[in-house]
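Architecture and fold: a report
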Amino acid sequence: MAEQEQSPLQNLWHELRDLTLGTTTQIDHISSPPTPLHFLRNYVSPNKPCLISNSINHWPATSLWHSTPYLLNTLSSSPVSLHLTPKGHADSLSRHPTSSSSLCFASAEVQRVRFEDALTRVLESDTKRCVGYLQQQNDCFRSEYGALRNDCDEDIDWASQAFGCLPEAVNLWIGNEMSETSFHKDHYENVYAVVSGEKHFLLLPPTDVHRMYIRDYPAAQYHYSQDNGEFSLELEEPARNFPWCSVNPYPSPELKEKEMAKFPLYFNGPRPFEVTVKAGEVLYLPSMWFHHVRQSPDSRGLTIAVNYWYDMRFDIKYAYFNFLQSLPHSMLCNCASSGKLGVESQNNSSICYSEDESSMDNTTASANDNLSNDPDDAAEK
């Protein structure tokens, strides 16, 4: 049988990799900090990620933060934001609280507590009851964790020179192996430094936006009861919808075949780029790249990272992305029906957006269990 012609979007996915990103699942690894000009020309301008070693070795944090007593003594009773979820996943899809055949976008319960108590909650997390994660995406490192500011650089010098500005926000992340980030993108240039433990990223370029099956989901929030240690999930009031990626890249073995049939553009397309960022390494994550993150802790059970968000340039690349994102999935369905989508055409009905809630059954099963028996999963950013 003759090989079927690929769709234009499939050609785009492959050509981008052939021309600039590479055809393996690995990204460039630079053994020392790049010059600002090298970084700008080879990575920022082409919107291409890279891993950099030996860039933060001079930070006091790389030694001091491996000591839990140091963190406790330095932050003392400082109030910090503790995110609580049933299984360590928030800002992700969860079973709709009033419709078992539908999904919603679930956010974590956020509590303001003393750092000492918050760190204890992280270290004593249990996926059968409650998982704690220390993070707050509002420049929290320079506010909530200001006592640690001298342990890291105020900015990443070679990145600041390349971007032509200082960071808009600097965030601190302290979690464990139970915390996970679902696929999403940010409108920031992200320089992500791991201080302790490891972070495991899956990356997809902005051109692959249709492979993410972004859909609008009702917004909801977890609420944690201190009395009985149980979570409830409630829709936000006033009601609003939130666009989010529908793909779970790690479905359970019993659901993998169904998930592959439901999201063929993801599972049958080019493999995501994979990178593990170890302690002392820095990842440049370009703006609008989709990323999914897992983490491995150090011997204490902690993963600690600091990320610098730089404003992205809203230039022609942003205009191109908006145009590409505006193309409806129905175009891919039309290609499939005309025999131009290749292997993905075998499931062309699942490629289209659908208002039929039954089309979400497999995602529902993959994303969550019932709240009453096994708390919902959602992804923690």
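The sections below set out a description of the structure shown in this document. (Residues numbered from 1 in each chain as written. Predicted model: local features only at pLDDT ≥ 70, side-chain atom pairs only at ≥ 80, totals over all residues. Heavy atoms only, no water.)

1. As for the pattern of salt bridges
Condition: Salt bridges, as used here, are contacts in which a Lys or Arg side-chain nitrogen is within 4 Å of a carboxyl oxygen on Asp or Glu. Strands here are runs of E lasting at least two residues and helices are runs of H or I lasting at least four, both read from the DSSP assignment and numbered beginning at the N terminus.
This model, assessed by the stated rule, comprises 12 salt bridges. Two residues, Glu144 and Arg112, come together in a salt bridge whose shortest N-O distance is 2.7 Å. With Glu144 in the loop between strand E7 (131-134) and helix H6 (157-163) and Arg112 in strand E6 (residues 109-114), this residue pair connects regions lying 32 residues apart in the sequence. Note that Asp117 and Arg114 form a salt bridge whose closest N and O atoms lie 3.2 Å from each other.

2. A look at helix H2 (residues 36-44)
Convention followed: Exposed residues in this analysis have more than 50% of their type's maximum accessible area, buried residues have under 20%, and partly exposed residues fall in between, with area computed by a 1.4 Å probe over protein chains only. Note that the arc is defined by the directions from the helix axis to the C-beta atoms. Residues are treated as being in contact if the distance between any of their heavy atoms lies within 4.5 Å.
Taken residue by residue, H2 has Phe39, Tyr43 and Val44 as its buried positions. Relative to the axis of H2, the buried residues are bounded by an arc of 75 degrees and lie together on one face. In this structure, the buried side of H2 is in contact with strand E1 (28-30), strand E2 (50-52), H6, strand E16 (282-285) and helix H9 (316-326).

3. Regarding the layout of surface pockets
Selection criterion: In this analysis the probe radius is 1.4 Å and the grid spacing 1 Å, with only protein atoms considered; a cavity is a set of points the probe fits into but cannot get out of, a pocket is an open set with protein on both sides within 12 Å along at least five of seven lines, and lining residues have an atom within 4 Å of a point. Grid points are joined across faces, edges and corners, and a volume is the space filled by probe spheres set on the points. Following the grouping adopted for this structure description, the nonpolar residues are Ala, Val, Leu, Ile, Met, Phe, Trp, Tyr, Cys and Pro, the charged ones are Asp, Glu, Lys and Arg, and the polar ones are all others, Gly among them.
Considering only enclosed or pocket space, the largest pocket measures out at about 630 Å³ in volume. Together, 28 residues line the largest pocket, and Pro46, Asn47, Pro206, Lys317 and Tyr320 are the ones closest to its centre. When contributions to the lining of the largest pocket are tallied by element, the ones reaching two or more residues are helix H1 (8-21), H2 and H9. The element that contributes the greatest number of residues to the lining of the largest pocket is H1, accounting for six residues. When its residues are assigned to classes, the lining of the largest pocket shows 17 nonpolar, five polar and six charged.

4. Focus: the pairing of strand E5 (residues 103-107)
Within a regular strand, side chains alternate between the sheet's two faces. Put simply, the rule reads: Any two strands with at least two DSSP-identified bridges between them are counted as paired.
Of all five residues in E5, five are buried; the element is thus mostly enclosed. Here E5 shows a buried face lined by Leu103, Phe105 and Ser107 and a second buried face lined by Cys104 and Ala106. Direction of pairing for strand E4 (residues 92-95) relative to E5: antiparallel, over a ladder of four bridges. Bridging across to E5, Ser94 finds its partner in Cys104. Bridge count for E5 against strand E12 (residues 215-224) is three bridges, and the pairing is parallel. From the neighbouring strand, Ala106 faces E12, where its bridge partner is Ala220.

5. A closer look at the packing of aromatic side chains
As a reminder of what qualifies: Side-chain rings of Phe, Tyr and Trp (the six-membered ring for Trp) are treated as a pair once their centres are within 6.5 Å; stacked means planes under 30 degrees apart, edge-to-face means over 60, and tilted covers the remaining angles.
One pass over the structure, following the stated rule, counts 21 aromatic pairs. Ring centres of Phe115 and Tyr145 lie 6.3 Å apart, and the angle between their planes is 90 degrees; on these two criteria the pair is classed as edge-to-face. Pair noted here: Phe115 is in helix H5 (residues 115-123) and Tyr145 is in the loop between E7 and H6, with a separation of 30 residues, a long-range link. For Phe115, a relative accessible area of 0% puts it in the buried group. Judged by relative accessible area, Tyr145 falls into the buried class, the value being 1%. A ring pair is formed by Phe183 and Tyr266, whose centres lie 5.8 Å apart and whose planes are at 70 degrees; its orientation type is edge-to-face. Highlighted residues: Phe183 in strand E9 (residues 181-184) and Tyr266 in helix H8 (residues 264-267), separated in sequence by 83 residues. A single burial state applies to Phe183 and to Tyr266, both of which are buried.

6. Topic: the nonpolar core
Under the convention used in this document: Here the nonpolar core consists of buried residues drawn from Ala, Val, Leu, Ile, Met, Phe, Trp, Tyr and Cys, with membership extended through side-chain atoms lying within 4.5 Å.
Ranked by size, the top nonpolar core spans 51 residues in total, and within it Phe39, Trp65, Leu134, Tyr145 and Leu172 carry the most contacts. Counting 21 residues, the second largest nonpolar core, distinct from the first, contains Met212, Tyr213, Tyr266 and Met312.

7. Some points on the sheet that holds strand E15 (residues 273-278)
Threshold: Orientation is described by axes fitted as lines to C-alpha atoms, over the contacting stretch for helices, and by angles from 0 to 180 degrees between their N-to-C directions.
Sheet architecture is open: four strands sit in the order E9-E17-E11-E15, paired in antiparallel fashion. Looking at strand neighbours, the two that pair on one side only are E9 and E15, the edges of this open sheet. Neighbour-to-neighbour, the strand axes of this sheet turn through a mean angle of 20 degrees, independent of strand direction. Inspection of the sheet shows strand E11 (residues 198-204) paired to E15 by six bridges, in the antiparallel sense. Residue pairing in the sheet places Glu198 in a bridge with Lys278 of E15.

8. Quick notes on unusual backbone geometry
Keep in mind that most residues, glycine aside, have a negative phi and that most peptide bonds are trans. A cis geometry characterises the amide bond from Glu237 onward to Pro238, with omega recorded as 0 degrees. With respect to the secondary-structure elements, Pro238 resides in the loop between strand E13 (231-235) and strand E14 (241-244). The backbone of Asp139 sits at a positive phi, close to 70 degrees, despite the residue not being glycine. Tracing the sequence through the fold places Asp139 in the loop between E7 and H6.

In short, the description is geometric, and any link to function would need to be established separately.
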